[in-house]
Amino acid sequence: MLEGLNPQQHRAVVDTEGPMLLIAGAGSGKTRVLTTRIAHLIVDKGVHPGNILAFTFTNKAAREMRERVERLVPGASDAWIGTFHATGVRILRREAERLGYPRQFSIYDAEDSRAVVKSVLKALNADPKQFSPREVLSAISRYKNASVDPSEAREQALSWREERIADFYQDYQRSLRDNQAMDFDDLIVKTVELLESFPEVQERYARRFQYVLVDEFQDTNPLQLILIKALSAHWRNVFAVGDDDQAIYSWRGATVENMLNFEDYFPGARVLRLERNYRSTGFILQAANEVIGHNRRRRGKKLWTEAEQGEPLELLWVDDEEGEALAVRERIEELVADGEFRRRDCVVLYRTNAQSRALEDGLRRGGLPYQIIGGTRFYERREVRDLLAYLKLVVNPADQVSLERVINVPRRGIGKTSLQRLLDAAAAAGLSTLEMCWQRPTEVERACGRAAARRILLFAGMIAELAALSEKENAARVLEKVMETSAYLDWLYKDDPSSAQEREENVHELLNAAEAFVAESDEGRLFDFLESVALLADVDRMEADGDMVTLMTMHNAKGLEFPVVFVAGCEENLLPHANSLHEDDKLEEERRLFYVALTRAQRRVFLSCASMRRRFGGAELALPSRFLAELPADVVVERGERRPAVVQPAWGGRGLWEEESPRRRPGRPASSPGARSAGPARGKRSGSPARGEESGAGHLYGVETFLRSKARKKAEGHGFDEHELNQEEARFHVGQRVRHATLGEGVIEAVEGFGELTRLTIRFGEAGRKRILARYARLEAVEGDSDLPF
DNA sequence: GCAAGCCCAGATAGT
DNA sequence: CTGGGCTTGC
């Protein structure tokens, strides 16, 4: 078992007593250490598997860890291995009654939570202009992950706004409790609450877990740290594994402080490091090391490898997202044709889910099989959520959110007014809506009128029947019954025939999921099924079988590895993301994200960078990511050429990126790839020159053609002739300085539309950013272009 | 009670 | 361009 471990790994495995922090670089074999350590505890130390607790970042990671341990030690599956959330649920299902929750409390996902926040905002008369559900929700989540309860939030509030949010927080929690529901964060919050309020319970669990292991420790938050401490308090054997260079979830409340101050939180802790990388080639590692070296806030380490240099990274210059998709597809086809890689070896990573669409289209058009992780998730489809809401309601009749979702879906003539009367009556009686219906039907009739009451009571009766059924039947049977009694499929076709077929397929997939669950689990109980659904992460649904390319966000790729990695959209405002440009901490997190992306790769890395990207329908200029400039020049070769983003093609002047003399842009050394001016790319010394010579041929059309055809279409509709059109086009370009009569001087950031519809986004000094119609703006050109990036 | 149509805001990342 | 929320008219 211990064979083949390097000395550091070996020590990390066998040095089991007391707290330990393992700083494990990307690809340094930490998963192996974790699994071997668990196996070692069981086999060599005689620890009972049930006394081991391991936290992973995703269910998929948990499953893999369990399988790997099981392979080393058959019968080890009694160990508690799971995400923080899953472990929280596991404890809460046994103990929730102490907190005043029934065992079968509902778990609300983001959309359910949003519904609750919305109703809270409405009830407290919040001004929708000042408080969006989104913001409030994220504020609440931040509080929770920082372990701040509503009353503390109220006390800490420094402004009227914060006070209001604390009030919303309080009502939100009250509402969840009324619904006997917990949101995602609560799964940990309530577990901590339980352990803190009931010392005997804490003692019981802390005694039980002789060894506690935590993976991806750099992405844990203060609340999770409290949970770790509480559960390891008795034996104090905490083994935390993490890499500060891969901390990418600070927006979820995670803090590297947990790692940096480990020795304070766990006195007597030892710290070990794994710096030898077994995953990537020399070139890839060199690139990754160099990039992450630009971060200041880090513990600092340097990965090394004895692997061969391999192939240099390739930088693909493309015109726009379609060109990018095409380039990605062609490279994959090439790799597959060479026989060196399969499609399933390839992953395409991107910063935002919105980028997946163009990539997806490109792959589909080329007939290249792919799977997408994340984005519009299966369990977020309306039809799937409707049916799940029925099931949740069956399990937990107090769940108002689910009730309101389905009481009139399919339509049964229970409209807003009747529903409101019903809700009011129930609230007045201090009962949940369904209890009201079941226990006091006459009052429902009084409140809603006879006709409406009849329909409502019919619905309530249906849920009661389903609930009875769920006592003895498994999840799949109950789901079938829901579909049957609600005639859900019929309604799909009635509601929107055009989408009905696709939705029906989704419904059947849900049914399949339920069947699969029933087949796998002991009892196939409905509420266990709902729980497994609620806790699923996107990556958990990743297909291991089937030869297809995988598409996902960089965040989702954490902890995974692939022979071939594509990093799409290596552009300013995307990577680093626009929202992270102005704070150093955020910028460094973006860099870590890029680092994570690079270090997923075993053998090949392709980076793509477009000159133009479409957003909200309009065209926007894209600049090469500053991170590209941080790559050492001799580990990258370029493909295609960096074509100027000629947003105004007809005007004939120099395009934004055609420079008469190589003028250096800020922050970009001349030797780096990003600084090279347009022109045929050259293979570099270490690369394969022949490839570098290839042009970026094969685009469906250049930016120019695309924009002009679009312009012509518009012009035809508006009685412009082409001459006039060109005149209009000629007037403005991105980067141009202009003066506005009242707004002052500014720089054009984006040009959208053509002719009389030309819209300009201009950043003014004082007035900020404005989006205006060029024809009314009466702009005056000012000499000299602004130096981009803005 | 309900459907059609209009308007506006919007999309960083996810257990 | 898209989706959700609101208004309007039947």
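Cut-offs and rules
- Residues numbered from 1 in each chain as written.
- Chains lettered and ligands numbered in written order.
- Predicted model: local features only at pLDDT ≥ 70, side-chain atom pairs only at ≥ 80, totals over all residues.
- Heavy atoms only, no water.
- Patch = residues over 30% accessible without salt bridge, like charges linked within 9 Å, V, L, I, M, F, W, Y side chains within 5 Å.
- Areas by Shrake-Rupley, 256 points an atom, 1.4 Å probe, with all protein chains shown as cover.
- Salt bridge = Lys/Arg side-chain N within 4 Å of Asp/Glu carboxyl O.
- Helix = DSSP H or I, 4+ residues; strand = E, 2+ residues; numbered from the N terminus.
- Buried < 20%, exposed > 50% of the residue type's maximum accessible area, 1.4 Å probe, protein only.
- Near = heavy atom within 4 Å.
- Polar contact = N/O pair within 3.5 Å; in protein donor to acceptor, adjacent residues only side chain to side chain.
- Nonpolar A, V, L, I, M, F, W, Y, C, P; charged D, E, K, R; others polar.
- Expected span 1.5 Å × (residues − 1).
- Contact = heavy atoms within 4.5 Å.
- Pairing = 2+ DSSP bridges.
- Axes fitted to C-alpha atoms, helices over the stretch in contact; angles between N-to-C directions.
- Arc of directions from axis to C-beta.
- Core = buried A, V, L, I, M, F, W, Y, C linked by side-chain atoms within 4.5 Å.
- Phe/Tyr/Trp six-rings, centres within 6.5 Å; stacked < 30°, edge-to-face > 60°.
- Lys, Arg positive; Asp, Glu negative; His and termini not counted.
- Charge placed at Lys NZ, Arg CZ, Asp CG, Glu CD.

Engineer: What should I look at first to understand a nonpolar patch on the surface in this one?
Structural biologist: Together, M1, V43 and L72 give the surface a local cluster of nonpolar side chains, amounting to about 240 Å² of exposed area. Looking at the element boundaries, L72 is found in helix α3 (residues 59-72). Accessibility expressed as a relative area gives 38% for L72, which makes it partly exposed.

Engineer: What exactly am I supposed to notice about the protein's contact with DNA strand B here?
Structural biologist: If you check the shell around DNA strand B, you find 27 residues, and the closest are H85, R351, N353, R411 and S418. Backbone atoms, meaning sugar and phosphate, form 48% of the atoms of DNA strand B found within 4 Å of the protein. Take R252: an N or O atom from its side chain is 3.4 Å from a sugar or linking oxygen of DNA strand B. N408 has a polar side-chain atom sitting 3.0 Å from a phosphate oxygen of DNA strand B. Residues that form the surface near DNA strand B fall into these classes: seven nonpolar, 14 polar and six charged.

Engineer: What am I meant to see in α3 here?
Structural biologist: One turn of an α-helix holds 3.6 residues; hence residues three or four places apart share an orientation. Its 14 residues place the ends of α3 20 Å apart at the C-alpha level, agreeing with the 20 Å of an ideal helix rising 1.5 Å per residue. Close packing links the buried residues of α3 with α2 (30-43), β2 (52-56), β3 (80-83) and α4 (84-95).

Engineer: In this structure, what is going on with the sheet that holds strand β8 (residues 270-274)? I would like to understand it.
Structural biologist: Whether parallel or antiparallel, the strands of a sheet pair through hydrogen bonds between backbone atoms. Across the sheet, which stays open at both edges, the six strands sit in the order β3-β2-β6-β7-β1-β8 with parallel pairing between neighbours. At either end of the open sheet lies a strand with only one pairing partner, and these are β3 and β8. Across the sheet, the mean angle separating the axes of adjacent strands is 15 degrees when strand polarity is ignored. Taken together, the four bridges between β2 and β3 define a ladder with parallel strand orientation. Bridged to A54 within β3 is I81. Its contacts with the sheet place α3 against β2 and β3, and it is angled at close to 160 degrees to β3.

Engineer: Even after reading the chapter, I still don't get helix α16 (residues 356-365), so can you show me in this structure?
Structural biologist: Buried within α16 are the following residues: S356, L359, E360, G362 and L363. One side of α16 carries all its buried residues, which in axial view fall inside an arc of 165 degrees. The exposed set on the far side of α16, more than 90 degrees from its buried face, consists of R357 and R365. Elements in contact with the buried residues of α16: α15 (321-337), β10 (346-350), β11 (370-372) and β12 (549-553).

Engineer: Looking at this structure, I do not really get the sheet that holds strand β17 (residues 636-639). What am I missing?
Structural biologist: If you trace the seven strands from one edge of the open sheet to the other, you get β11-β12-β10-β13-β14-β9-β17, paired in parallel fashion. Strands with a single pairing partner mark the edges of an open sheet, and in this sheet they are β11 and β17. Neighbour to neighbour, the strand axes of the sheet diverge by 25 degrees on average, direction disregarded. Where strand β9 (residues 313-318) and strand β14 (residues 601-610) come together, five bridges link them in parallel fashion. Bridge pairing in β14 links L316 to S608. Running over the sheet, helix α14 (residues 282-292) touches β9 and β14 and is turned about 55 degrees from β14. Its contacts with the sheet put α15 on β9, β10, β12, β13 (562-567), β14 and β17, and the angle it makes with β9 is roughly 145 degrees.

Engineer: Help me understand the nonpolar core, please; the structure alone is not making it clear to me.
Structural biologist: In a soluble, globular protein the nonpolar side chains are often hidden away together inside. Core analysis: the largest hydrophobic core is formed by 57 residues, its most contacted members being L388, L391, L510 and F529. Among the elements that make up this core, the one with the highest residue count is helix α22 (residues 450-472) (ten residues). With sequence-adjacent residues up to four places away left out, L510 is seen in contact with F378, Y379, V384, L387, L388, L479 and F529.

Engineer: Would you explain the pairing of β10 in this entry?
Structural biologist: For a regular strand, the rule is simple: side chains alternate between the two faces of the sheet. Of all five residues making up β10, five are buried, and the element is well covered by its neighbours. By the alternation rule, side chains of β10 split into C346, V348 and Y350 and V347 and L349, which are all buried. Sheet topology places β10 next to β13; four bridges connect them, and they run parallel. For L349, the partnering residue across the bridge sits in β13 and is V567. Two elements, β10 and β12, share four bridges in a ladder whose sense is parallel. Its bridge partner being in β12, V347 is matched across the sheet by T550.

Engineer: What's the story with the packing of aromatic side chains in this structure? I'm lost.
Structural biologist: Any pair of aromatic rings gets described here by the distance separating the centres and the angle formed by the planes. Applying the stated rule across the entire model yields 16 aromatic pairs. With a centroid separation of 6.4 Å and an interplanar angle of 80 degrees, the aromatic rings of Y101 and F105 are classed as edge-to-face. With respect to burial, Y101 and F105 carry one shared label: buried. On the basis of an interplanar angle of 55 degrees and a centroid distance of 5.4 Å, the ring pair of F517 and F529 is categorised as tilted. Taken together, the residues F517 in helix α25 (residues 497-520) and F529 in helix α26 (residues 526-534) connect sequence positions twelve residues apart. Taken as a pair, F517 and F529 share a single burial class, namely buried. Among the aromatic residues, those joined into a cluster by ring pairs are F57, Y249 and W251.

Engineer: Just checking my understanding: could you explain the side chain of Q246 for this structure?
Structural biologist: Assignment of secondary structure puts Q246 in the loop between β7 (238-242) and α12 (257-260). Of the polar contacts made by the side chain of Q246, one reaches the side chain of D243; its length is 2.8 Å. For Q246, the side chain forms a polar contact with the side chain of R600, separated by 3.1 Å. Beyond its immediate chain neighbours, meaning those up to four positions away, Q246 contacts A24, G25, A26, Q218, D219, K558, R592, Y595, V596 and R600.

Engineer: When you look at the side chain of N258 in this model, what are you seeing that I'm missing?
Structural biologist: Along the chain, N258 falls in helix α12. A relative accessible area of 2% places N258 in the buried class. At 3.3 Å, the side chain of N258 and the backbone oxygen of N221 are in polar contact. Here N258 is in contact with F217, T220, N221, P222, L225 and Y265, once residues within four sequence places are set aside.

Engineer: Honestly, a positive patch on the surface in this entry has me stumped. Any pointers?
Structural biologist: Taken together, the side chains of R63, R66, R90 and R94 make up a positively charged region of the molecular surface. For the positive patch, the secondary structure elements donating two or more residues are α3 and α4. Relative to the assigned elements, R63 resides in helix α3. For R63, a relative accessible area of 36% puts it in the partly exposed group.

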